[in-house]
Amino acid sequence: MQVRQGNVRDWPFMYALGKIGIPESISPWRKQPMEVTLKYREEFLRGFWTWIQQSEAKVFIVEEVKQEGEEGQSVHPLGYLVLHDSAKEELTGLNQGWIMDIVVLPEWRGKGAGKVLLKAAENHCREQGISYLGLAVSSHNIKALKLYESYGFAEERKLLVKQLD
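Residues numbered from 1 in each chain as written. Predicted model: local features only at pLDDT ≥ 70, side-chain atom pairs only at ≥ 80, totals over all residues. Heavy atoms only, no water.

A closer look at the overall build of the protein
A count of helical and extended segments in the protein gives five helices and five strands. Starting at the N terminus and walking to the C terminus, you meet the elements of the protein as β-α-α-α-β-β-β-α-β-α. The C-alpha atoms of the protein give 17 Å as radius of gyration, which agrees with the globular expectation for 165 residues (15 Å, within 12%). With the C-alpha coordinates aligned to their principal axes, the bounding extent of the protein is approximately 65 × 40 × 30 Å. If you take every contact in the protein between residues at least 6 apart in sequence, the share linking residues at least 24 apart comes to 63%. (Helix = DSSP H or I, 4+ residues; strand = E, 2+ residues; numbered from the N terminus. Rg over C-alpha atoms; globule rule 2.2 N^0.38 Å. Contact = heavy atoms within 4.5 Å.)

This is the structure we're talking about:
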């Protein structure tokens, strides 16, 4: 696997993959039909590339590289990470990198692609002199939580939600 900085040519892949990853991320507290949630996600994604450009966020693409005999190699994208590297922590105002979105193809989850993306984001932050890297994850998304914790992320706050009738 290799990682590279993404660009607008990656947008069709990101747009399609961004819709795939949402079911595992939705909190069970949010009572809404999946089709409504997916429609909202699709609307969000329509403006996401514009936001990426305007905010100067960084996109990292993890790829599988296969040697194909004498013909050279083929490259296939496996996932992406969007990093907002000029975010401010809301209580202290400290500079931090913030992972806005990270998604890996379902068949590549648990095979190291997510770690490659996290390492790229961490390296970028270090190069920029950014001391903190944050993200948000649904507390029920156990696989993602285990990945982030194994990579050194620690719980800092809890987001509490109460359903009102």
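Brief notes about the nonpolar core
Counting residues in each nonpolar core, the largest one holds 37 residues, and the members touching the most others are Met14, Ile52, Tyr80, Leu81, Val82, Leu83 and Ile99. Elements represented by at least two residues in this core include exactly helix H1 (11-20), helix H3 (34-55), strand S2 (58-67), strand S3 (73-88), strand S4 (95-104), helix H4 (113-127), strand S5 (133-135) and helix H5 (142-150). At six residues, the largest contribution of residues to this core is made by H4. (Core = buried A, V, L, I, M, F, W, Y, C linked by side-chain atoms within 4.5 Å. Buried < 20%, exposed > 50% of the residue type's maximum accessible area, 1.4 Å probe, protein only.)

Details of the pattern of salt bridges
This model, assessed by the stated rule, comprises 10 salt bridges. Between Glu63 and Arg4 there is a salt bridge, with the nearest N and O atoms lying 2.6 Å from each other. Placement of the pair is Glu63 in strand S2 and Arg4 in strand S1 (residues 2-5), with a sequence separation of 59 residues. Residue Glu89 pairs with Arg157 through a salt bridge whose shortest N-O separation is 2.1 Å. Of this pair, Glu89 sits in the loop between S3 and S4 while Arg157 sits in the segment after H5, and the two are 68 residues apart along the sequence. Accessibility expressed as a relative area gives 9% for Glu89, which makes it buried. Each of Arg4, Asp10 and Glu63 takes part in one network of salt bridges that share partners. (Salt bridge = Lys/Arg side-chain N within 4 Å of Asp/Glu carboxyl O.)

Some words on the packing of H1 against H3
Between H1 and H3, the shortest axis-to-axis distance is 9 Å and the interhelical angle comes to 150°. Viewed along their axes, H1 and H3 adopt a mutual orientation that is roughly antiparallel. Relative to H3, the crossing made by H1 is right-handed. Residues Trp11, Met14, Tyr15, Gly18 and Lys19 of H1 touch H3, and the partners they reach there are Leu38, Arg41, Glu42, Leu45, Arg46, Phe48, Trp49 and Ile52. A breakdown of the residues in the contact of H1 with H3 according to their chemical character gives eight nonpolar, one polar and four charged. (Axes fitted to C-alpha atoms, helices over the stretch in contact; angles between N-to-C directions. Parallel < 35°, antiparallel > 145°, perpendicular 65-115°, else oblique. Left-handed = near helix turned anticlockwise from the far one by under 90°. Nonpolar A, V, L, I, M, F, W, Y, C, P; charged D, E, K, R; others polar.)

Examining the packing of aromatic side chains
Applying the stated rule across the entire model yields six aromatic pairs. Seen in terms of ring centroids, Tyr148 and Phe153 are 6.0 Å apart; in terms of plane orientation they differ by 70°. Their pairing is edge-to-face. Residue Tyr148 is classed as buried on the basis of its relative accessible area of 9%. Aromatic rings pair up to connect Trp11, Tyr15, Phe44, Phe48, Trp49 and Trp51 into one cluster. (Phe/Tyr/Trp six-rings, centres within 6.5 Å; stacked < 30°, edge-to-face > 60°.)

Some remarks on the pairing of S3
The sheet contact formed by S2 and S3 spans 10 bridges and is antiparallel. In the strand pairing of S3, Val62 is matched with Gly79. What sits between the antiparallel neighbours S2 and S3 is a turn of five residues, in which Gly69 has the positive phi angle 60°. For S3 and S4, the ladder comprises eight bridges, and the chain directions are antiparallel. Among the inter-strand pairings, His84 is bridged to a residue of S4, identified as Trp98. Connecting the antiparallel pair S3 and S4 is a turn made up of six residues, with Gly93 showing a positive phi of about 80°. (Pairing = 2+ DSSP bridges.)

These figures come from the coordinates and say nothing about function on their own.
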